[in-house]
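# A closer look at the structure
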Amino acid sequence: MSAMGLHSKNVRLLSLGRNALLAGSNGGQRSGSGPRGRSLTSPPLSSSSPARALSSLSATRRGLPKPKMSENGVVPRAKVLTIDTMNPTVKNVEYAVRGPIVARAVELEKELSEGMKKPFAEVIKANIGDAHAMGQQPITFFRQVLALCSYPELLNDSTFPEDAKSRARRILQSCGGNSMGSYSASQGIDSVRQDVARYIERRDGGVPCDPDDIYLTTGASDGIMTMLKLLVCGEGVTRTGVMISIPQYPLYSAALAELGAVQINYYLNEEKCWSLDISELQRALDEARHHCNPRALCIINPGNPTGKTFKSYCSNMVYQDNVYADGCQFHSFKKVLFEMGPEYSDTVELASFHSTSKCYMGECGFRGGYMEIINMDDEVKAQLTKLVSVRLCPPVPGQALMDLVVNPPQPGEPSYDNFIKERTATLSALAEKAKLTEQILNTVHGISCNPVQGAMYSFPRIIIPEKAVKEATDKGQQPDMFYCMKMLEETGICLVPGSGFGQKDGTYHFRMTILPPRDKLQILLNKVKEFHQKFTKHYS
C-alpha cells in the first residue's frame, strides 16, 4: 500500500515562502540507515542549494511573520495543511444524516453507558437508513452464499442447500485464484455484470441491456460521485450545473460542493404529495442558465427523504423494491425512455444506480452496487473505465452480494420458498410501518405527514412557534435543528432536521426512518407526539 504523509521520520519540510520542499523515499533519500548505518532521514543540505540560501534569510526579510519561540527555545514547526490552506471546496461539504446531531447522539450513548442519568433509557437512531442496525434480519440465502464464498471449506458441509453451493462455486470460479480475496476487473466481475444485465432486461420487460454498459460500484454513492466527476467542468457562467430535487438526499449537495459544481434546486410539490411539476423544472432550468451551464438532472425514485413514488418519469433507484402504497409501482427511467421511442431512447444519456444497501436486503456494510450507462460517447466511456480503474475494483464480497440480489433463488430450487417468505415478510413489515408512521404523525396538531409511498423514510412538516424560531436564530441555529436537538436531549430520539435536505423558505421538517421494529417505532412515534405538544406549549 502506498501513502503520502507528513510524518517527520519520512519527510523533511523546508519553508520556502509559499512552497515546501518534500524529501522522501521518492526523492532520492530514504528513511532508515545508509552506508555504515548513517541515517538518511534528514540529510544535510548543500550550502550552495537555493533552499539553504533561502532558509538562512530571516523571516522578516522573506516577508514572513517572525516565528514564536516555544518554552524550550525551539521554533515550533508550522503545519503544512491548515484550515486556511486545505482544499476550500471540502469545507463547503455538509452531510446532514451524519452531522452534528448524530455526533451528539453518540455522546449521549456514551454518557448513558457510563451511568449518567438522562430522561430516557436509550438513544433511538432514526436518522439513517441502516436496516440491520435497526433490527432487520438478513436474508438467509444471501448470507449462506457469502459464507461459502468466504470459507470454501464449507462447501463440504451438508447443512448448506445445494443451490447456495452452486451459486458460491460459480462466483468463486469467476474470482482470481478462486478467492474473493483477489482483485476483480475494475468494471467488476464479468459474470456478475452479465447477471445484472439479464436482471435489468427482465425488470424492464425485455428492453435490451449490454453487460458492457454495467459498472459494479462501491454502493450507489460511488457510482454517483464518479459520474459527477465526469460531468463537472468550466468556470464562472460555464461551470457545470446539476439539477437536484428539493428535498434531496445530502449526497448530491455534498458531492457538488466537493467538486465545485453548481447546485440547481427544483422543488417538489409538498401539497401534491411531493409530486414533480414540469413547470417547476422549467423555472429552475431557465433561472440557472443565467449563471451556470445546466448539464444533468438527478431524480431519486422512490424518493429520499420524501418517500414519494413517481408514476412515470442520471436516476437513483436504490429503493425500487420499496413501494408500498396502493396503486403505486416502480417505473425505471430506462424503460420510460424506450416507451417514448427512438427520439429519446437513442439519444438521452442516462446513468442509473442501484445498491444492495436498501430495499429488502439492507446490506449497507457490504457496499455493493451497480450503475448502468446508456448512450454515452465512446471516448467518454473509455475515460470512465480509466477513472474506475484508479480505484482498482469495488469490494468483491459486495459484487458477490449484488449478483445474488439480481439472481435470487428460482422456483423449484431448495432455497426459493424460504427466500420468498423472508423477502415478503420484510417488505410487508416496512409497508405496515409506513402506514403506522403516517397515521400517528397526522394525529398531532402542528405535524402533517404525506403518505409514505416508498423507500424507508417519512419527511413530515412541522410548525415551529415564532418564539422558538427567534431563540434558534439568536443561537445561530436553523429552527428545525434547534427543534431536533431539543428532542434528542429530552427523548433520546435522533432525527435529521429538514434543513439538511433542503426545503422551501418558511417551512420546517424532519426526516425519520421507518426501520425500527414495530413496537419500538410505536414508542418512537408516541415520544415524538408528546415532545411536539410539550415543545409547542412551551414556546407559544
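Everything that follows concerns the structure shown earlier in this document.
The present account deals with the structure reproduced in this document. Since the structure is predicted, the reported quantities are computational estimates derived from the model, not experimental observations.

## Section: the pairing of strand S10 (residues 350–355)
The buried fraction of S10 amounts to six of the six residues, a majority that puts the element mostly inside the structure. Side chains Leu 350, Ser 352 and His 354 project from S10 onto one buried face, and the interleaved Ala 351, Phe 353 and Ser 355 project onto a second face that is buried too.

## Some thoughts on the pairing of strand S5 (residues 240–246)
For S5, the tally of buried residues reaches seven of seven residues, placing the bulk of the element in the interior. Burial along S5 is two-sided: Thr 240, Val 242, Ile 244 and Ile 246 facing one way and Gly 241, Met 243 and Ser 245 facing the other are all buried. Taken together, the four bridges between S5 and strand S7 (residues 293–297) define a ladder with parallel strand orientation. Residue pairing for S7: Met 243 is matched across the bridge by Leu 297. With six bridges connecting them, S5 and strand S6 (residues 262–267) associate as parallel partners.

## Some points on a negative patch on the surface
Together, Glu 349, Asp 377, Asp 378 and Glu 379 give the surface a local cluster of negative charge. Relative to the elements of secondary structure, Glu 349 occurs in the loop between helix H11 (342–345) and S10.

## Considering the side chain of Gln 399
Within the fold, Gln 399 resides in helix H13 (residues 396–406). According to the relative accessible area criterion, Gln 399 is buried, its value standing at 2%. If near-sequence neighbours (up to four positions away) are discounted, Gln 399 is found in contact with Ser 184, Gly 188, Ile 189, Val 192, Leu 216 and Pro 394.

## Digging into the packing of helix H6 (residues 190–203) against H13
Between H6 and H13, the least distance of the axes is 9 Å, while the angle of their chain directions is 30 degrees. When the axis of H6 is compared with that of H13, the two are roughly parallel. In this structure, H6 crosses over H13, and the sense of that crossing is left-handed. Seen from H6, the contacting residues are Ser 191, Val 192, Asp 195, Val 196, Tyr 199 and Arg 202; seen from H13, they are Gln 399, Met 402, Asp 403 and Val 406. Residue classes in the contact of H6 with H13 are distributed as five nonpolar, two polar and three charged.

## Some words on the sheet that holds S5
Spatial strand order, S6-S5-S7: three strands in an open sheet with parallel pairing. Both outer strands of the open sheet, S6 and S7, are each paired with one neighbouring strand and no more. Here the average twist between neighbouring strands, direction ignored, is 40 degrees. Against the sheet, helix H8 (residues 250–259) engages S5 and S6, with an angle of about 160 degrees to S5.

## Considering the packing of helix H5 (residues 162–173) against H13
With their axes 11 Å apart at the nearest point, H5 and H13 run at an angle of 135 degrees to one another. Judged by the inter-axis angle, H5 sits oblique to H13. Here H5 and H13 pass one another in a crossing that is right-handed. Contact residues: Arg 167, Arg 170 and Ile 171 in H5; Ala 400, Asp 403 and Leu 404 in H13. Looking at the contact of H5 with H13 residue by residue, the classes come out as three nonpolar, no polar and three charged.

Quick notes on the rules
Residues numbered from 1 in each chain as written. Predicted model: local features only at pLDDT ≥ 70, side-chain atom pairs only at ≥ 80, totals over all residues. Heavy atoms only, no water. Buried < 20%, exposed > 50% of the residue type's maximum accessible area, 1.4 Å probe, protein only. Helix = DSSP H or I, 4+ residues; strand = E, 2+ residues; numbered from the N terminus. Pairing = 2+ DSSP bridges. Patch = residues over 30% accessible without salt bridge, like charges linked within 9 Å, V, L, I, M, F, W, Y side chains within 5 Å. Areas by Shrake-Rupley, 256 points an atom, 1.4 Å probe, with all protein chains shown as cover. Salt bridge = Lys/Arg side-chain N within 4 Å of Asp/Glu carboxyl O. Lys, Arg positive; Asp, Glu negative; His and termini not counted. Charge placed at Lys NZ, Arg CZ, Asp CG, Glu CD. Contact = heavy atoms within 4.5 Å. Axes fitted to C-alpha atoms, helices over the stretch in contact; angles between N-to-C directions. Parallel < 35°, antiparallel > 145°, perpendicular 65-115°, else oblique. Left-handed = near helix turned anticlockwise from the far one by under 90°. Nonpolar A, V, L, I, M, F, W, Y, C, P; charged D, E, K, R; others polar.

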